[in-house]
Amino acid sequence: MGIEGGNLSSEQLQFFDSNGYLLLESFANPAEIESLRKRMEQLLDEFDCSSTASIFSTKNQQQTTNDHFFESAEKISFFWEEKAFDEDGNLKQPKQLSINKVGHALHEKDPVFNKFSSSDKVSGMLRSLGYQRPVVIQSMYIFKQPGIGGEVVPHQDNSFLYTEPTTCTGLWLALEDATNVNGCLWAIPGSHKDGLVRRFLRDENGVHFDKPSPCYNQKDFVPLEVKAGSLVVIHGDLIHQSFENQSSKSRHAYSLHVVDTNGCKWAEDNWIRRNVDPEPLYSS
C-alpha cells in the first residue's frame, strides 16, 4: 500500500514493511484502557449465561456454534473457553473467568468501544499505512483467562477476512501487560512476504479451511511482549500465534481487523456475511 502522510514515521513504516508487525507503545492512555475494561465488566455483568451456555454441551454442537458464530458478525456475542465446563456441562468457575472472547461487532454496537475504534489516532495510523476507505470488519475483546486461556494456533488474518486484493490489518491493543508467561503474541518476522497460505471458507456445510496448515518451526517465532496500552499492528499475511495462559494473571486485549473498501472486493465465501455494509472510518 502507498504511504500518505499520517502519524507513523518512515522508520516505523520500514520496520512494518520488513517484519510484518509493529509495536506502538502507549497507543492508548490509562483512562482509555480503564474505560474499555470497565465497560466489558458491565457487559459481562449484564450477560445472562444461561442463554448460550448450551453451546458447549449440546450434541449438535457444530450447528449451534456455527449459528452463534455467524450471527456474531453484527452483534455483541459471548464465547466460552473450552475448558470452562465440567462433564455435566456446568461452568467450573464464575462466568467472568470462563469467557474466551466477546465479538464481533463491539466497535459498532457499543459506544465505548466505538469511540476508541473510530478515534483519530486509529484513523491517522491507517492513513499512514495507505488505507483509502477502511472499515473495521470485526472486533474482539479477548480475555486469555488465567490457567485456562486457550492457545491460538499459527494463522494469518487474511485467511479469515479475505479481500481481492488482500488488505486486512490486525490492530491488537494490550489492555494488560502481555508476557511470555500469560500468553503474549508470537510472530515469525518477515513471514508476511511469503503470501497467503490458506483460506477459511464458509459454504452450505459451515466453515472450513481449504488446505491443511503448514508445519512451522517454533524457533522461528519471536515473542511480542508488550505493556498495557501498547498496540501491535499485524500485517494480514503475518504468521502469528499465542500459547495457553498457564499463569495466574489474565491477559486482556482488544483486537480490531480492518480492510479497505476502495478498489478491492470482500470475498463472498468469507465467514462474515453482513446484512448491512459497515461504515468506513473515513474516505480519502
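This text goes with the structure placed above it.
What counts and how
- Residues numbered from 1 in each chain as written.
- Predicted model: local features only at pLDDT ≥ 70, side-chain atom pairs only at ≥ 80, totals over all residues.
- Heavy atoms only, no water.
- Pairing = 2+ DSSP bridges.
- Helix = DSSP H or I, 4+ residues; strand = E, 2+ residues; numbered from the N terminus.
- Axes fitted to C-alpha atoms, helices over the stretch in contact; angles between N-to-C directions.
- Salt bridge = Lys/Arg side-chain N within 4 Å of Asp/Glu carboxyl O.
- Buried < 20%, exposed > 50% of the residue type's maximum accessible area, 1.4 Å probe, protein only.

This part covers the sheet that holds strand E14 (residues 253-260). Strand order across the open sheet formed by seven strands is E1-E12-E7-E14-E4-E3-E2, with antiparallel pairing between neighbours. Looking at the sheet topology across the chains shown, the edges are occupied by strand E1 (21-24) and strand E2 (76-80). Sheet twist, expressed as the average angle between the axes of neighbouring strands with direction ignored, equals 20 degrees. One ladder, built from six bridges, connects strand E7 (residues 169-174) with E14; its direction is antiparallel.

According to the stated counting rule, one finds nine salt bridges in the structure shown. Close ionic contact of Arg37 with Glu176 constitutes a salt bridge, the shortest N to O distance being 3.3 Å. Taken together, the positions of Arg37 in helix H2 (residues 30-46) and Glu176 in the loop between E7 and strand E8 (185-187) put the pair 139 residues apart, joining distant regions of the chain. Of the residues examined, Arg37 reaches a relative accessible area of 27% and is grouped as partly exposed. In this structure, Glu74 and Arg274 form a salt bridge, with 3.5 Å as the shortest nitrogen-oxygen distance.

Taken by themselves, the reported measurements are silent on function.
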